[in-house]
4 protein chains.
Amino acid sequence: MKSHKLLQAPIPMRWVGPLKITGETLNEKVSVPLATYEIPLWHSVGRGARVSMLTEGIRTNVIDERMTRSVLLEAEDAWAAHQALVSIKQRQPELNAVVARSSRFAQLIDMHSQVVGNLMYLRLEFTTGDASGHNMVTNAADKLIPWILAEYPQLRYSSISANYCSDKKATAVNGILGRGKYVVSEILIPRDICERRLNTTPEKVVDLNIKKNLIGTLIAGGIRSANAHYANMLLAFYLATGQDAANIIEGSQGIVHAEVRQGDLYFSCTLPNVIVGSVGNGKGIDFVEENLTRLGCKADRQPGENARRLAAICGAVVLCGELSLLSAQTNPGELMEAHIKLERS
Amino acid sequence: MKSHKLLQAPIPMRWVGPLKITGETLNEKVSVPLATYEIPLWHSVGRGARVSMLTEGIRTNVIDERMTRSVLLEAEDAWAAHQALVSIKQRQPELNAVVARSSRFAQLIDMHSQVVGNLMYLRLEFTTGDASGHNMVTNAADKLIPWILAEYPQLRYSSISANYCSDKKATAVNGILGRGKYVVSEILIPRDICERRLNTTPEKVVDLNIKKNLIGTLIAGGIRSANAHYANMLLAFYLATGQDAANIIEGSQGIVHAEVRQGDLYFSCTLPNVIVGSVGNGKGIDFVEENLTRLGCKADRQPGENARRLAAICGAVVLCGELSLLSAQTNPGELMEAHIKLERS
Amino acid sequence: MKSHKLLQAPIPMRWVGPLKITGETLNEKVSVPLATYEIPLWHSVGRGARVSMLTEGIRTNVIDERMTRSVLLEAEDAWAAHQALVSIKQRQPELNAVVARSSRFAQLIDMHSQVVGNLMYLRLEFTTGDASGHNMVTNAADKLIPWILAEYPQLRYSSISANYCSDKKATAVNGILGRGKYVVSEILIPRDICERRLNTTPEKVVDLNIKKNLIGTLIAGGIRSANAHYANMLLAFYLATGQDAANIIEGSQGIVHAEVRQGDLYFSCTLPNVIVGSVGNGKGIDFVEENLTRLGCKADRQPGENARRLAAICGAVVLCGELSLLSAQTNPGELMEAHIKLERS
Amino acid sequence: MKSHKLLQAPIPMRWVGPLKITGETLNEKVSVPLATYEIPLWHSVGRGARVSMLTEGIRTNVIDERMTRSVLLEAEDAWAAHQALVSIKQRQPELNAVVARSSRFAQLIDMHSQVVGNLMYLRLEFTTGDASGHNMVTNAADKLIPWILAEYPQLRYSSISANYCSDKKATAVNGILGRGKYVVSEILIPRDICERRLNTTPEKVVDLNIKKNLIGTLIAGGIRSANAHYANMLLAFYLATGQDAANIIEGSQGIVHAEVRQGDLYFSCTLPNVIVGSVGNGKGIDFVEENLTRLGCKADRQPGENARRLAAICGAVVLCGELSLLSAQTNPGELMEAHIKLERS
């Protein structure tokens, strides 16, 4: 590693939109930056965005938020591990006092655990203000471990992170217990918009979602991943906004649910694990700051509000891309044709 | 989408290494580019790379390769779907003749299937030369579908892609049936190197791997994902070499196996789904071409060899980062200390 | 274990039916024995059976069969393991000659494998005539291992069974690569039968299947298990016919797919892992032999045909119970009411 | 279904043991009834039991208990579903008042939920005294649904059970959120006992557990199922004690953790989902009552204590069988030899 000259990998980026977004978090028309090597993605999200403008908008909901770290401690046997866990869980205020020494923003809001033989996995769950919070929770865990070991001499250190968090791995725990923002985005698309702008019908989209996203994923041995390509939109949005894009692993685990409602299309994207922040690692780079500012996520708000806004926008972006691709796949030949046209242009 | 001005998201990038790599694919010392917002990653991989230089090297093995697309067709009932499948599978040469019209490089090498009620999921598996092959297989499927529908009028179109591929979703099928390159990287680290350079012991690394990567992932409901942070290295390497980085989803699903061998540390990273290409989408951008060239992956070789070289290098990079992080986590406090030092520097 | 007196656990059993079954394997009206502590199950399956009699029948399809055992051998490194695997797979006839010494019926039909570091998991897949084949494949593997170790001195023994089989564990591999009989059962129920006999509508059953079996299982982190209670019918049928009922673990992993077809209900149960035999362990007990005989599964047929008949009947039984429970759950209060009535009667 | 004569399926049963059991729940030597077609199972568990008698015993721990039912209700959109959930969760005492009208024993102790688009999955978690509680929680849910629908007119009924429970399906949720008794059984086996009675060494058992149960299951796409054959012991014990044996599906999902401790073998079986009761369905049959009585599980104790005792014994039984099979598999040829000998005897 002789040359430490700071290089850059300039990923192609484009602003796409505007998307019409509604809901508790924001009610605006917003354009979004997407950085990707997959050029057709811009057009895919763009088509969804245009559809959103012809409807009452994409309702976005941020219904939970937390960042997690699971520490691994060991006891002599299961009973000792269990007893310690019971006691630790009852002392949340004391733990929070320790956490407070590590950060102004981190707050321990819940704990879950698993005992495996004599091993004790303790999943610490925090709110982390406007940061996605990876370092904040590692730092908090780093402070909590010596405190716990001092209070419970029957325990000994094994690991500061034990995959029950789980960071950037395909697991079920994050969807069930929460990690990042839990975002649901929804849209109601009148039938004629569906037909004219998406070249399909509500019935065809619903049918494809069942057979591809639900059944197709199930037979693939998929784990909470009933969607076509959440990962593409998440990657592009995360890169453009300075996020730790490896968190698309858990981000990709979400479910599309669609219904025909009185002839129109109800289409929703549930994203239980959107991990984004408006401050922290990856931020501070000029273009990232500009992008976040233009997205309205650097405003003077209560801690956490800028990050929730970012998550809500992210959920809307994912919906646009998901809707567009599924629509295309209902028609034989359309997907490939679009790719060829766009990549040659 | 008024402004189509091409912007860029310049992700920080650094060359790390050299890594000492051995095996059937290459025997060289190679430095690698990593593009990431996570600054500590460079140091983490760099530490592993330095260790590799003090050993006989990281043996890399590329033991399988294929790119997949699963089409979804429907019949009236399961028997009709099954009968069609049996027949189609017997006509691989005819299918390959159709495929040949879509690409010089794509070759259908295997097919797997699932019947669910009257639904027929056909997983087409191709070699794709030096391309990762996403578009190549979509294009091939696009040609095959009309041919199949003409030959089997009992079938009708449902989707060109049906999640049994599975592209960028956390599933089990890719590890079991293959998608991308199947890479195994291995290293044997003398005990004293382990102690002096990684500040740990072979026993501690083996122990942590069992409790964190194996048991920790299992209780998290993880699916074939027994590692600490494959995703981080894959993301950085994919971005720096023009890959479709959303494929870190399946890439992150791999297993670390470590053993104490006569006092030394045997450490291996199995990566069944490394999806990389030296040509195709994302390539053609200046810095990507430069990076690939410097990695020796634009040389005049048989089709597929440049991509396999890239995959082998990727496997070695992942090993370096995985080894370094696991080693750090065996010691209380070390991880956080390193992060703080590096991010402030 | 002083008292070796042979005791018995007499599980309540009842013959339910007849079911109207059609398809390639059998076209008959068949009553079935179900042994269970869950009394309402008889009525649930019975209701489905009565519905079947009013339709063109339950079409059953047995589209694959195999029994598996995965051996675990070790090499010095991944390349040695890989090379041995490539060679072994090319010598299937030689392996079958070894297998032939262990059984008249076992035949090696395919092999799949995984390399994890230096570990080699070899999944041996056999047809086993009319036996479910657990012992037959263990015995075959027991003969193959010394042969392989003699031919490939770079390998050493680790385990005769390595969970990649997978026997009686909740995994994805069995559905993807096959284990036991792959059975699909289907029925087309006219709307008025659906309304009068099942007290529901095709639309309600389809809707519930999507929201409960597909989405509900997905959010639960389910693995290939989109059904309401396959396990109940499988347990009762396995116990009554002398099967190793612990195989309901993999048996429970299957998918219900339902559609409204021109106002009627198409309802299908896909069961990729029905593990049943008409000979072998558990058989030989008087009531088991009687049950199998009455089911027509002890007839003088080609090897394998009796077992396939049993599997087809099993698939029809599962459909009856699944259909009945889902129908009941479409109506608030109906499920509990039925339980209370039946358990008090 | 003309003949309603009550038949019986007499499954072979034997008392095995005694097992030496210690811990908070019981400290006794206990023999156990096992009903199975798999004759070698008696010997396998018996071998483990004899080993336990030569040690300080099998420590059993029952560290959690709950029975669950997930209802599915629908709102117009995600926000309405979310708002209702937030409110419902704050009204646990009111819900418990409703529950109290359905059962003397059921008590709502926790709730978890998932929102998918406009769908609301509410997982109700109860203690159920000495019953396993399937019907008790269905009955409670049946009372709660009309109450909820009356209080929250924005919701409508979809299903009384929505697979997020999850009953008898292979999922991750039960291990993570709990279902049934969470049991950990542990034993410390002196090296010489290990060698003389199990014909193996602590090192070999630990090694096999890692490679077979942990890694083998992971590559199989297994979900929280790192064991060799929990399902066999659970099936036999459940049948002999009148349990709903289809619950071996979730019961089979548990993890073996073993370590060499100063030359001896620490061996543990973690079983997060043991679903057993000493009263309720399946009970009341003569042999079941006798078996439960002989196990000391019909004594006059506080509600829940008999069921916990049963669960603790169950955990010890599973450990015996698991230990014995793993030990056998460490030696080539031993498994098959034992099967042949026992099945012919």
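Here the structure is a predicted model, which is why all the values come from computation and not from measurement.

1. Observations regarding the interface of chain C and chain B
Okay, step 1: Between chain C and chain B, the residue contacts involve 36 residues of the former and 36 residues of the latter.
Okay, step 2: In this assembly, chain C packs against chain B so that about 2,800 Å² is buried in total across both faces, 55% of it on carbon and sulfur atoms.
Okay, step 3: In this structure, the connection of chain C to chain B is made through 4 salt bridges.
Okay, step 4: Close ionic contact of Arg59(B) with Asp77(C) constitutes a salt bridge, the shortest N to O distance being 3.7 Å.
Okay, step 5: For the pair chain C and chain B, the interface holds 16 residue pairs in polar contact (both at pLDDT 80 or more).
Okay, step 6: When the residues that make up the side of chain C that touches chain B are grouped by side-chain class, the tally is 17 nonpolar, 10 polar and 9 charged.

2. Notes on the nonpolar core
Okay, step 1: By size, the foremost hydrophobic cluster in this structure holds 516 residues, and its most contacted members are Phe267(A), Phe267(B), Phe267(C) and Phe267(D).
Okay, step 2: Setting aside anything within four residues of it in sequence, one finds Phe267(A) in contact with Ser185(A), Glu186(A), Ile187(A), Val205(A), Val256(A), His257(A), Ala258(A), Leu319(A), Glu322(A), Leu323(A) and Leu326(A).

3. Focus: the packing of aromatic side chains
Okay, step 1: The tally for this structure, following the rule as stated, stands at 0 aromatic pairs over all chains.
Okay, step 2: Sitting above the plane of the Trp15(A) ring, Arg294(A) keeps its charged end 3.7 Å from the centroid.
Okay, step 3: When the ring centre of Tyr266(D) is taken as origin, the NZ or CZ atom of Arg261(D), which lies over that ring, is 3.9 Å away.

4. Side note on the pairing of strand E5 (residues 119-127) of chain A
All names here are of chain A.
Okay, step 1: Among the 9 residues of E5, 8 are classified as buried, and the element is accordingly described as predominantly covered.
Okay, step 2: In this sheet, E5 lies alongside strand E3 (residues 58-74) in antiparallel orientation, the contact comprising 8 bridges. Looking at E5, one finds that leucine 73 is bridged to methionine 120.
Okay, step 3: In this structure, strand E4 (residues 107-116) lies alongside E5, joined through 9 bridges in antiparallel fashion. The residue of E5 that forms the bridge with aspartate 110 is glutamate 125.
Okay, step 4: Between E4 and E5, which pair antiparallel in sequence order, lie 2 residues; one of them, glycine 117, sits at a positive phi of approximately 55°.

5. Thoughts on the domain arrangement of chain A
All names here are of chain A.
Okay, step 1: The domains assigned to chain A are domain 1 (14-64 + 180-343) and domain 2 (66-159).
Okay, step 2: On a C-alpha basis, the centres of domain 1 and domain 2 stand 34 Å from each other.
Okay, step 3: Facing 16 residues of domain 1, the contacting portion of domain 2 comprises 9 residues.
Okay, step 4: Contact between domain 1 and domain 2 buries roughly 900 Å² in total, counting both sides, with carbon and sulfur atoms accounting for 44%.
Okay, step 5: Across the domain 1-domain 2 interface, the total number found is 1 salt bridge.
Okay, step 6: The residue aspartate 64 makes a salt bridge to arginine 66 at a minimum N-O spacing of 2.9 Å.
Okay, step 7: Connecting domain 1 to domain 2 are 8 residue pairs in polar contact (both at pLDDT 80 or more).

6. What to know about the interface of chain A and chain B
Okay, step 1: Contacts between chain A and chain B engage 93 residues on the former and 93 residues on the latter.
Okay, step 2: For the pairing of chain A and chain B, the buried interface totals around 7,600 Å² over both sides, and the portion due to carbon and sulfur atoms is 61%.
Okay, step 3: Counting across the chain A and chain B interface gives 2 salt bridges.
Okay, step 4: Here Glu74(B) ties to Lys211(A) by a salt bridge, and the two come within 2.9 Å at their closest N and O atoms.

7. Points about the relation of the copies chain C and chain B
Okay, step 1: Overlay of chain C on chain B (RMSD 0.0 Å): rotation 180°, translation along the axis 0.0 Å. One copy is carried onto the other by what is essentially a two-fold rotation axis. Ranked by how close their C-alpha atoms come to the rotation axis, the residues of chain C are headed by Ala172(C), at 3.2 Å.
Okay, step 2: Here 100% of the interface residues in chain C have copies in chain B that are interface residues too; the copies meet face to matching face.

8. Side note on the confidence of the model for chain A
Okay, step 1: Of the residues in chain A, 98% reach a pLDDT of 70 or more, and the chain-wide mean stands at 96.
Okay, step 2: As scored by the predictor, the complex reaches a pTM of 0.97 and an ipTM of 0.97.

9. Some remarks on the environment of Ser278(B)
All names here are of chain B.
Okay, step 1: Looking at the element boundaries, serine 278 is found in the loop between strand E9 (264-274) and helix H10 (286-294).
Okay, step 2: By relative accessible area, which is 1% here, serine 278 ends up buried.
Okay, step 3: Expressed as a C-alpha distance, the spacing of serine 278 and alanine 307, which sit 29 residues apart in the sequence, is 5.3 Å.
Okay, step 4: Contact partners of serine 278, with chain neighbours within four places excluded, come to Asp130, Lys283, Leu292, Cys297, Lys298, Asn306, Ala307 and Leu310.

10. Focus: the side chain of Asn213(B)
Okay, step 1: If you trace the backbone, Asn213(B) turns up in helix H7 (residues 202-219).
Okay, step 2: There is a polar contact of 2.8 Å between the side chain of Asn213(B) and the side chain of Asn209(B).
Okay, step 3: Those residues in contact with Asn213(B), other than ones at most four positions away along the chain, are Asn163(A), Leu208(B), Ala226(B), Asn227(B), Ala228(B), Val256(B), Glu322(B) and Leu326(B).

11. Here we look at the relation of the copies chain A and chain B
Okay, step 1: Mapping chain A onto chain B leaves a residual RMSD of 0.0 Å; the transformation is a rotation of 180° accompanied by 0.0 Å of translation along its axis.
Okay, step 2: Of all interface residues in chain A, 100% are interface residues in chain B too; the two copies therefore contact each other through one and the same surface.

12. Some remarks on unusual backbone geometry
Okay, step 1: For the peptide bond that leads from Gly17(B) to Pro18(B), omega is 10°, which places it in the cis range.
Okay, step 2: When you line up the elements, Pro18(B) lands in strand E1 (residues 7-23).
Okay, step 3: Here the phi dihedral of Lys168(A) falls at roughly 65°; this positive angle occurs in a residue that is not glycine.
Okay, step 4: On the secondary structure map, Lys168(A) appears in the loop between strand E6 (156-159) and helix H5 (173-177).

13. Topic: the pattern of salt bridges
Residues and elements named next belong to chain D.
Okay, step 1: Inspection of every chain in the model, using the stated rule, returns 100 salt bridges over all chains.
Okay, step 2: In this structure, the salt-bridge partner of arginine 91 is glutamate 151, at a minimum N-O distance of 2.8 Å. Of this pair, arginine 91 sits in the loop between helix H2 (78-89) and helix H3 (92-100) while glutamate 151 sits in helix H4 (residues 134-151), placing them 60 residues apart in sequence.

14. Some remarks on the packing of helix H8 (residues 230-240) of chain B against helix H11 (residues 305-329) of chain B
Residue and element names in this part refer to chain B.
Okay, step 1: The contact between H8 and H11 brings their axes to 9 Å, and the two run at 135°. The pairing of H8 with H11 is recorded here as oblique in orientation. When the axes of H8 and H11 are compared, the crossing they make is right-handed. The segment H8 lies against H11, with Tyr230, Met233, Leu234, Phe237 and Tyr238 engaging Leu310, Ile313, Cys314, Val317, Val318, Gly321 and Glu322.
Okay, step 2: Of the residues in the contact of H8 with H11, the class split is 10 nonpolar, 1 polar and 1 charged.

15. A closer look at helix H1 (residues 40-53) of chain B
Okay, step 1: For H1(B), spanning 14 residues, the distance from its first C-alpha to its last is 20 Å, which sits close to the expected 20 Å at 1.5 Å a residue.
Okay, step 2: With 11 of 14 residues buried, H1(B) is to be regarded as a mostly interior element.

16. Notes on the pairing of strand E3 (residues 58-74) of chain B
Residues and elements named next belong to chain B.
Okay, step 1: Counting buried residues along E3, 15 of its 17 residues qualify, which places the element largely inside the surrounding structure.
Okay, step 2: Relative to E3, E1 runs parallel, the two sharing 3 bridges. Opposite glycine 23, over in E3, you have threonine 60 as the bridge partner.
Okay, step 3: With 7 bridges joining them, E3 and strand E7 (residues 180-189) adopt antiparallel strand pairing. Looking at E7, one finds that threonine 60 is bridged to serine 185.
Okay, step 4: Alignment of E3 against strand E6 (residues 156-159), held across 3 bridges, turns out to be antiparallel.

Calculation criteria
- Residues numbered from 1 in each chain as written.
- Chains lettered and ligands numbered in written order.
- Predicted model: local features only at pLDDT ≥ 70, side-chain atom pairs only at ≥ 80, totals over all residues.
- Heavy atoms only, no water.
- Contact = heavy atoms within 4.5 Å.
- Buried area = accessible area lost by both parts, 1.4 Å probe.
- Salt bridge = Lys/Arg side-chain N within 4 Å of Asp/Glu carboxyl O.
- Polar contact = N/O pair within 3.5 Å; in protein donor to acceptor, adjacent residues only side chain to side chain.
- Nonpolar A, V, L, I, M, F, W, Y, C, P; charged D, E, K, R; others polar.
- Core = buried A, V, L, I, M, F, W, Y, C linked by side-chain atoms within 4.5 Å.
- Buried < 20%, exposed > 50% of the residue type's maximum accessible area, 1.4 Å probe, protein only.
- Phe/Tyr/Trp six-rings, centres within 6.5 Å; stacked < 30°, edge-to-face > 60°.
- Lys NZ or Arg CZ within 6 Å of the ring centre and 35° of its normal.
- Helix = DSSP H or I, 4+ residues; strand = E, 2+ residues; numbered from the N terminus.
- Pairing = 2+ DSSP bridges.
- Domains from an automatic or database assignment.
- Least-squares fit on C-alpha atoms with pLDDT ≥ 70 in both.
- pLDDT = per-residue confidence, 0-100.
- Axes fitted to C-alpha atoms, helices over the stretch in contact; angles between N-to-C directions.
- Parallel < 35°, antiparallel > 145°, perpendicular 65-115°, else oblique.
- Left-handed = near helix turned anticlockwise from the far one by under 90°.
- Expected span 1.5 Å × (residues − 1).

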